[in-house]
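Below, each chain spelled out in residue letters.
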Amino acid sequence: MGFQTPQYKLSKLLEQAGNGRIQLPDFQRGYKWDEERIRSLLVTVTLGHPLGVLMLLQTGNDQVRFKPKAIEGTPSESGKAEPDLLLLDGQQRLTSLYQSLTGSGVVDTEDARKKQVQRRFYIDIARALEDPARRDEAVVIVPGDGIERTNFGKDIRLDVSTPEKERQHGYFPFRLIYDSPGQLDWLWNFPGETGDATARRALIQRFQGEILTPMQSYEIPAIELDKSTTKGAVATVFEKVNTGGLPLNVFELLTATFAGDAAYFDQHGDDFRLKDDWQLTEQIISAHPVLRGIRNTDFLQAVSLLVTAHGPSFTSARKEDVLRLELSQYLAWAEQVREALVWVAQFLRDEHIHRSRDIPYPTQLVPLAVIRVILGESATIHGVRSRLRQWFWCGILGELYGGATETRFARDVDQVPAWARAVTSPDTTIQLPGTVSGATFAESRLLSLRTRQSAAYKGLHALLMAGGAKDWRFHQTFDHTQYVALDVDIHHVFPKKWCDDNKIPRNLRESIINKTPLAAKTNRLIGGASPATYVPKLEGAAAVGSDELDDIIGAHLIDTKALRAADFDAFFLARRRALLELVEKAMGKQAQRDVDAGELTGGAEAPEAFAEEDDDPQDTGDPNEDDR
């Protein structure tokens, strides 16, 4: 086996992918990168940073005859060509680059919730030229039609659907990076900020020199296996490439930096050990297990947010800014962040989030802790806490913390404290934080929330418990002690077996609408029986009358008349309405009612719009035994 290590111009790779000279071996999985990974990849290219190595195999090998298949998004003719090279490693990267940098630039991808979407990618010219350190913020995602809508699609926030409108907003499309005629035409007609010809020419020259020209000469290293490579060697190399070593993370890099701090050594006679200091935080996490998902890098981001929020520049939690932390800055805030984590743990318990795996967005705990530090004891004032609670649930139910989070961290740290404090003052000029104003929820999303992979699914589980729901058999509220003791989890109201026997569609059966928090023993008693059978059985097990049991079940926002009659459709429609009202109460705003009142399904957020999900592990057992 022989190999080469050539450097390929990205423009050449795109050309070879488009004409079929580079294809995939048929064993490669399908394309599946989400919009944020694509955006991050484009940021990497605009900065000229390396994006990793590709692995290619020369074709024409008698020992290795993989069936080729075209890269997704390339012209149909490309699959008919005889490839010169097969791409063994780098499919997701090259497919993302091909779709975003050629043709219409519209990429078939998915958002952080796994909803299937189409996206375009742009460079905000003015922001890109401001500061290379903020280039990440200059790469923008826009819907595939070029129009970003708000207010459930009624209002237009941004329209770059035509080249004229792109130029008007100063959004240069990535699709034109390697399209010289199209690029020149776009730039020639670009008016600039003032319309002044001299200023426009200078801006274009800067943009070309600092952004476009470096991107056009961008190269990607490759390992190119020659024709003598055996199939066994291909498998071995492929495995080695895909199980590479772990890179150093920010925490490990700062450990080394802080250990070399001369001022600390002069004062203490010893080096500062970041790992030892982290053990103090681990003690708090150990005492509050709900915090177990917090990592040392999260802690450093919280410190960075506080340092930058109180500094002369902009608030930031990006890796570059975390790495700029000085030991004195870290020491000034670390203990306050630790104290805030204790408050965060209590906040989660108050919201009936009892286990770390039940936290909808672990990343949201970073700004929550920082906001607590900034607010100090005022965070405990009822009105202030109510606003923090609204922000928290808007982030969860609006599903806003699932993608790129560093920018949202900074925005929330800048906006939420002043807004929360304003509840105690007559100041009416403070605007809603972006996370609150931008959060939306559609009724049809209740249909597609099916597993705990969704933050809003876990959020509704907690909201039901916080609303006073009790276990149907033991009549216990779901505080932390009882939640653990009763082994509470999310279970079906109409059991799986009953649903399957009665031909209830899987999407309806698995929806959060047909789920509720119950103790493990209660769920086992229910088994796979009809509600018409198990509800009277529960009366005997709990030793309560029918009216009292109806009150207990009703606290779960369930129509008990429909449940006792095993009328799935009536139950489903009534509970969907009730859960939507629960969402509205938590978010402090109206949701979109996009499903016809008498219809079981429909709307823009219905399951058909999302990637297929497996059932929750808790719900895959023998329905006759446990329905878990």
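In what follows, the structure referred to is the one given above.
**Describing the overall build of the protein chain**
Here comes step 1: Helix and strand content of the protein chain: 29 helices and 15 strands.
Here comes step 2: In terms of overall size, the protein chain behaves like a compact globule, its C-alpha atoms giving a radius of gyration of 28 Å where 628 residues would be expected to give roughly 25 Å.
Here comes step 3: Expressed along its principal axes, the backbone C-alpha trace of the protein chain runs to roughly 80 × 65 × 55 Å.
Here comes step 4: When the 628 residues of the protein chain are sorted by exposure, 52% land in the buried category.
Here comes step 5: Considering only residue pairs separated by 6 or more positions, the protein chain has 74% of its internal contacts joining residues 24 or more positions apart.
Here comes step 6: Carbon and sulfur atoms make up 49% of the accessible area of the protein chain, which totals about 27700 Å².

**Here we look at the nonpolar core**
Here comes step 1: If you look at the biggest cluster of nonpolar residues, it comprises 112 residues, and the most contacted ones within it are Leu 291, Tyr 330, Leu 397 and Trp 472.
Here comes step 2: For this core, the leading source of residues is helix H15 (residues 327–350), giving 12 residues.

**A few points about the pattern of salt bridges**
Here comes step 1: One pass over the full model with this rule turns up 40 salt bridges.
Here comes step 2: For the salt bridge of Arg 113 with Glu 399, the shortest nitrogen-to-oxygen distance reads 3.2 Å. One end of the pair, Arg 113, is in the loop between strand S7 (107–110) and strand S8 (116–124); the other, Glu 399, is in the loop between helix H17 (382–397) and helix H18 (406–421), and 286 residues separate them in sequence.
Here comes step 3: The class of Glu 399 is buried, set by a relative accessible area of 11%.
Here comes step 4: Linked by salt bridges that have partners in common, Asp 111, Arg 113, Lys 115, Glu 399, Arg 445 and Glu 605 make up one network.

**Considering the packing of helix H16 (residues 365–375) against H17**
Here comes step 1: The contact between H16 and H17 brings their axes to 12 Å, and the two run at 160°. Overall, the two elements H16 and H17 adopt an arrangement that is roughly antiparallel. Crossing of H16 over H17 shows right-handed handedness. Two secondary-structure elements touch here, H16 through Pro 367, Leu 368, Ile 371 and Leu 375 and H17 through Val 384, Leu 388, Trp 391 and Phe 392.
Here comes step 2: Counted by class, the contact of H16 with H17 contains 8 nonpolar, no polar and no charged residues.

**Focus: the pairing of strand S3 (residues 22–25)**
Here comes step 1: Bridging between S3 and strand S6 (residues 85–89) involves 2 bridges; their strand directions are parallel. Residue pairing in the sheet places Gln 23 in a bridge with Leu 86 of S6.
Here comes step 2: Sheet topology places S3 next to strand S5 (residues 68–69); 2 bridges connect them, and they run antiparallel. Along S5, the bridge assignment pairs Pro 25 with Pro 68.

**Some details on the packing of aromatic side chains**
Here comes step 1: As enumerated under the stated definition, the model contains 23 aromatic pairs in all.
Here comes step 2: Where Phe 251 meets Trp 278, the ring centres are 6.3 Å apart and the plane angle is 65°; that geometry is what we call edge-to-face. Taken together, the positions of Phe 251 in helix H10 (residues 250–259) and Trp 278 in helix H12 (residues 274–287) put the pair 27 residues apart, joining distant regions of the chain.
Here comes step 3: For Phe 251, a relative accessible area of 5% corresponds to the buried category.
Here comes step 4: For the ring pair Tyr 264 and Phe 272, a centre distance of 5.4 Å and an interplane angle of 80° mean the geometry is edge-to-face.
Here comes step 5: Judged by its relative accessible area of 18%, Tyr 264 is buried.
Here comes step 6: Overall, the relative accessible area of 6% leaves Phe 272 in the buried class.
Here comes step 7: Sitting over the ring of Trp 188, Arg 200 keeps its end group 5.8 Å from the ring centre.

**Observations regarding the side chain of Arg 445**
Here comes step 1: With respect to the helices, strands and loops of the structure, Arg 445 is situated in helix H20 (residues 445–448).
Here comes step 2: Assessed through its relative accessible area of 2%, Arg 445 is described here as buried.
Here comes step 3: Separated by 2.8 Å, the side chains of Arg 445 and Glu 399 make a polar contact.
Here comes step 4: In contact with Arg 445, not counting residues within four places along its chain, are Arg 113, Glu 399, Ser 454, Glu 605 and Phe 610.

**Focus: the environment of Asp 489**
Here comes step 1: Relative to the helices and strands, Asp 489 is located in strand S14 (residues 489–492).
Here comes step 2: By relative accessible area, which is 2% here, Asp 489 ends up buried.
Here comes step 3: Sequence-wise, Asp 489 and Thr 516 are 27 residues apart; in three dimensions their C-alpha atoms are separated by 8.1 Å.
Here comes step 4: For Asp 489, the side chain forms a polar contact with the side chain of Arg 452, separated by 2.6 Å.

**As for helix H27 (residues 546–554)**
Here comes step 1: Within the sequence span of H27, burial applies to Leu 549, Asp 550, Ile 552 and Ile 553. For H27, the angular spread of buried residues about the axis comes to 160°, placing them on one side. In H27, those exposed residues whose orientation departs by more than 90 degrees from the buried face are Asp 547 and Asp 551.

**Some thoughts on the environment of Val 337**
Here comes step 1: With respect to the helices, strands and loops of the structure, Val 337 is situated in helix H15.
Here comes step 2: When its relative accessible area of 2% is taken as the criterion, Val 337 is described as buried.
Here comes step 3: When the C-alpha positions of Val 337 and Val 370 are compared, they lie 6.8 Å apart, and in sequence the two are 33 residues distant.
Here comes step 4: When neighbours within four sequence positions are excluded, Val 337 is seen to be in contact with Phe 299, Ala 302, Val 303, Leu 306 and Val 373.

**Some details on the environment of Ile 374**
Here comes step 1: Relative to the elements of secondary structure, Ile 374 occurs in helix H16.
Here comes step 2: Once the C-alpha coordinates of Ile 374 and Asp 414 are considered, the two residues, 40 residues apart in sequence, prove to be 10.0 Å apart.
Here comes step 3: Residue contacts for Ile 374: discarding those within four places in its chain leaves Leu 306, His 310, Val 413, Pro 417 and Arg 421.

**Brief notes about unusual backbone geometry**
Here comes step 1: At Leu 557, a residue that is not glycine, the phi angle is positive and equals roughly 65°.
Here comes step 2: Its place among the elements puts Leu 557 in the loop between H27 and helix H28 (560–564).

**Focus on helix H13 (residues 296–309)**
Quick reminder: α-helices carry 3.6 residues per turn. Residues three or four places apart thus point the same way.
Here comes step 1: With 14 residues, H13 should reach 20 Å at 1.5 Å per residue; the first-to-last C-alpha distance of 20 Å fits that figure.
Here comes step 2: Across the 14 residues of H13, 13 count as buried, placing the element largely inside the fold.

**Comments concerning the side chain of Glu 351**
Here comes step 1: With respect to the helices, strands and loops of the structure, Glu 351 is situated in the loop between H15 and H16.
Here comes step 2: Each residue touching Glu 351, except ones within four places of it in the same chain, is listed here: Arg 385, Arg 389, Trp 393, Ala 462 and Ala 466.

**Examining the packing of helix H2 (residues 35–47) against helix H3 (residues 91–101)**
Here comes step 1: With their axes 10 Å apart at the nearest point, H2 and H3 run at an angle of 80° to one another. Judged by the angle between their axes, H2 and H3 are roughly perpendicular. On H3, the residues that touch Ile 38, Leu 41, Leu 42 and Val 45 of H2 are Arg 93, Ser 96, Leu 97, Ser 100 and Leu 101.
Here comes step 2: Class assignment of the residues belonging to the contact of H2 with H3 gives a composition of 6 nonpolar, 2 polar and 1 charged.

Definitions and cut-offs
Chains are numbered independently. Their residues run from 1 in the order of the written sequence. Thresholds applied to this predicted model are a pLDDT of at least 70 for local features of residues and 80 or more for the giving and counting of side-chain atom pairs; totals over whole chains, interfaces and linings are not thresholded and use all residues. Remark: hydrogens and water are excluded; side-chain values derive from all non-hydrogen atoms of the structure. For the purposes of this entry, the term helix denotes a DSSP run of H or I that reaches at least four residues, the term strand denotes a run of E that reaches at least two, and both are numbered from the N terminus. Only C-alpha atoms enter the radius of gyration, while the globule expectation follows 2.2 Å times N to the 0.38, with N the number of residues. The rule is simple: take the accessible area with a 1.4 Å probe, protein chains only, and divide by the maximum for that residue type; under 20% is buried, over 50% is exposed, in between is partly exposed. Whether two residues are in contact is decided by their heavy atoms, any of which lying within 4.5 Å being enough. Only the protein chains shown count as cover for residues, with accessible areas throughout obtained via the Shrake-Rupley method and a probe of 1.4 Å. The set of buried Ala, Val, Leu, Ile, Met, Phe, Trp, Tyr and Cys residues whose side-chain atoms join them within 4.5 Å is what this entry labels a nonpolar core. Here, a salt bridge means any Lys or Arg side-chain nitrogen found within 4 Å of an Asp or Glu carboxyl oxygen. Only the stretch in contact is used when fitting a helix axis, every axis being a line fitted to C-alpha atoms; angles between N-to-C directions are given from 0 to 180 degrees. Geometric relationships in this document are graded by angle, where less than 35 degrees denotes roughly parallel, more than 145 denotes roughly antiparallel, 65 to 115 denotes roughly perpendicular, and other angles denote oblique. Crossing chirality is assigned from the near helix's rotation relative to the far helix, an anticlockwise turn below a right angle marking it left-handed and a clockwise turn marking it right-handed. When residue character is reported, Ala, Val, Leu, Ile, Met, Phe, Trp, Tyr, Cys and Pro are called nonpolar, Asp, Glu, Lys and Arg charged, and the others, Gly included, polar. By the convention used here, strands pair only if DSSP detects at least 2 bridges between them. Between 30 and 60 degrees the pair is tilted, below 30 it is stacked and above 60 it is edge-to-face, where a pair is any two Phe, Tyr or Trp rings, Trp via its six-membered ring, whose centres lie within 6.5 Å. Should the NZ of a Lys or the CZ of an Arg lie within 6 Å of a ring centre and within 35 degrees of the ring normal, that charge is described as sitting over the ring. Each polar contact in these results corresponds to two N or O atoms within 3.5 Å; when the atoms are within protein, one needs to be able to donate a hydrogen and the other to accept it, and residues that are neighboring in sequence are counted only if both atoms are side-chain atoms. This arc is taken over the directions from the axis of the helix to the C-beta atoms. Expected helix span is computed as 1.5 Å times (number of residues minus one).

All we've got here are geometric facts, nothing functional implied.
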